[in-house]
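# Observations on the three-dimensional arrangement
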Amino acid sequence: MAQEPGTQEAAPAPAPHASTELSDLATLKALAQPRRQRILQHLTLHGPATSASLARELGLNTGATSYHLRELARYGCVEEQPEADGHGRERWWRAVPGDRRFPPRSRQSAEMRLVMDELNHHAYAADLELFEKAQARTQTRTQTRTGADEDSWADAFPYSRGSIRLTLPELHAFFEEYIALLNRYKRPDTDTPDGARTVLTRFLAHPAPDNDTGAEAESVPTSHGSTAVDDTEASHNRKASDPT
């Protein structure tokens, strides 16, 4: 159809799961701040919150929490909850979902690598802490319940270990297929069935250490529960936080 005179053609809508690379050093420094990582984690796990409620939960003062929220909003990681949601005059904040990626290490400056190492250090530690807490809660529940009353989510810890021989392009393709699988299962709250829970996923892959012969040993894949691969965080293979 011909465009009417005096009108502008609308910009094409972004792809539903388009990725955004965070290559600005200031943005990376903002995200690497440990308190902001904790705020993002809390909003991702527990949903919208006010600066006051975040301060209570995280042991911070309200002024500091408000400042960190504004900084996270400045870089598009959080946003204010619309007033239409019935929160009154309080300012409620929520995490902004998105496929945010960091540049591959080969394109990082020396300063950027230091920032990324710090960010990854805190992120990996937080992931391990969350996993250990989830396991501890499950162990406590299963010790106090039996039979039909047993928590069915006690089986919600699929785990897999293995090795495959890949070229670097194949590894990149493998990762993109994993992200595509995650996106297949993402849906709005209105389409989420009863009984669904937020499940945290983490993906980790790395080259095996070189040995003296130059050949890498093949290991037999092992799994606990259902075989599964895990996340949504990486720099080419590491993705920034993707609240879901």
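Residues numbered from 1 in each chain as written. Predicted model: local features only at pLDDT ≥ 70, side-chain atom pairs only at ≥ 80, totals over all residues. Heavy atoms only, no water.

Tallied over the full model, the rule gives ten salt bridges. One salt bridge connects Glu111 with Lys29, and the closest N-O pair in it is separated by 2.9 Å. In this pair, Glu111 is assigned in helix α5 (residues 110-144) and Lys29 in helix α1 (residues 25-32), connecting sequence segments 82 residues apart. Taking the shortest distance from any N to any O, the salt bridge between Arg101 and Glu176 comes out at 2.4 Å. Of this pair, Arg101 sits in strand β5 (residues 99-101) while Glu176 is found in helix α6 (residues 168-184), placing the two residues 75 residues apart along the sequence. You can call Glu176 partly exposed: its relative accessible area is 37%. (Salt bridge = Lys/Arg side-chain N within 4 Å of Asp/Glu carboxyl O. Helix = DSSP H or I, 4+ residues; strand = E, 2+ residues; numbered from the N terminus. Buried < 20%, exposed > 50% of the residue type's maximum accessible area, 1.4 Å probe, protein only.)

Per the stated rule, a full pass over the model turns up four aromatic pairs. Pairing Phe175 with Phe203 gives two aromatic rings, centres 5.6 Å apart and planes at 65°, and the pair type is edge-to-face. Here the residue Phe175 occupies a position in helix α6, and Phe203 occupies one in the loop between α6 and β7 (222-224), the gap between them amounting to 28 residues. Take Phe175 and Phe203: they sit in the same class, and that class is buried. Taken together, the ring pairs connect Phe174, Phe175, Tyr178 and Phe203 into an aromatic cluster. Across from the ring centre of Trp153, 4.8 Å away, lies the NZ or CZ of Arg197, which sits over that ring. (Phe/Tyr/Trp six-rings, centres within 6.5 Å; stacked < 30°, edge-to-face > 60°. Lys NZ or Arg CZ within 6 Å of the ring centre and 35° of its normal.)

Moving on, we come to the nonpolar core. The biggest cluster of nonpolar side chains holds 22 residues, and the ones touching the most others in it are Leu31 and Leu43. Counting residues per element, the ones that place at least two in this core are α1, α2 (34-46), α3 (51-58), α4 (62-74), β4 (92-95) and α5. The next biggest cluster of nonpolar side chains, apart from the first, holds five residues, and it includes Phe175, Tyr178, Ile179 and Leu182. (Core = buried A, V, L, I, M, F, W, Y, C linked by side-chain atoms within 4.5 Å.)

This paragraph deals with the packing of α2 against α4. One can describe the packing of α2 onto α4 by two numbers: an axis separation of 10 Å at closest approach and a directional angle of 80°. As the angle between them shows, α2 and α4 are arranged roughly perpendicular. Contact with α2, carried on its side by Arg35, Arg36, Ile39, Leu40 and Leu43, involves Ala64, Thr65, Tyr67, His68, Leu69, Glu71 and Leu72 of α4 and no other residues of that element. Partitioned by chemical class, the residues of the contact of α2 with α4 number seven nonpolar, two polar and three charged. (Axes fitted to C-alpha atoms, helices over the stretch in contact; angles between N-to-C directions. Parallel < 35°, antiparallel > 145°, perpendicular 65-115°, else oblique. Contact = heavy atoms within 4.5 Å. Nonpolar A, V, L, I, M, F, W, Y, C, P; charged D, E, K, R; others polar.)

To continue, consider a nonpolar patch on the surface. A contiguous nonpolar surface patch, about 260 Å² in accessible area, is contributed by Ile164, Leu166 and Phe174. Tracing the backbone through its elements, the reader meets Leu166 in the loop between β6 (159-161) and α6. (Patch = residues over 30% accessible without salt bridge, like charges linked within 9 Å, V, L, I, M, F, W, Y side chains within 5 Å. Areas by Shrake-Rupley, 256 points an atom, 1.4 Å probe, with all protein chains shown as cover.)

To continue, consider the confidence of the model for the chain. When pLDDT is averaged along the chain, the result is 79; 75% of the residues meet or exceed 70. In this model residues 213-238 is a low-confidence stretch, pLDDT under 50, and it forms 73 contacts with partners more than four residues away in sequence or in other chains. Contacts for the low-pLDDT stretch residues 240-244, under 50 throughout, to residues beyond four places or in other chains number 25 contacts. (pLDDT = per-residue confidence, 0-100.)

Quick look at the sheet that holds strand β3 (residues 78-80) now. On the basis of which strands lie adjacent, the open sheet formed by three strands has the order β2-β4-β3 and antiparallel pairing. Single-partner strands in this sheet number two, and they are β2 (49-50) and β3. (Pairing = 2+ DSSP bridges.)

Along its 13 residues, α4 runs 18 Å from first to last C-alpha, staying within 8% of the 18 Å computed at 1.5 Å per residue. Within the span of α4, buried status applies to Ala64, Thr65, Ser66, His68, Leu69, Glu71 and Leu72. Looking at the packing, one finds that the buried side of α4 touches α1, α2, α3, β3 and β4. One side-chain oxygen at the N-terminal end of α4 lies 3.1 Å from the backbone nitrogen of Gly63; it belongs to Asn61. Looking at the residues trailing α4, positive phi occurs at Gly76, about 80°. (Expected span 1.5 Å × (residues − 1). Polar contact = N/O pair within 3.5 Å; in protein donor to acceptor, adjacent residues only side chain to side chain.)

This paragraph deals with the pairing of β4. Residues Trp93 and Ala95 line the buried face of β4, whereas the alternating positions Trp92 and Arg94 sit on a face that is not buried. Relative to β4, β2 runs antiparallel, the two being bridged by two bridges. Considered in β4, the bridge of Ala49 is made with Trp93.

With 35 residues, α5 extends 52 Å between its outermost C-alpha atoms, agreeing within 8% with the 51 Å of an ideal straight helix rising 1.5 Å per residue. Of the positions making up α5, those classed as buried are Met112, Val115, Met116, Leu119, Asn120, Ala123, Ala126, Asp127, Ala134 and Thr138. Elements in contact with the buried residues of α5: α1 and α2.

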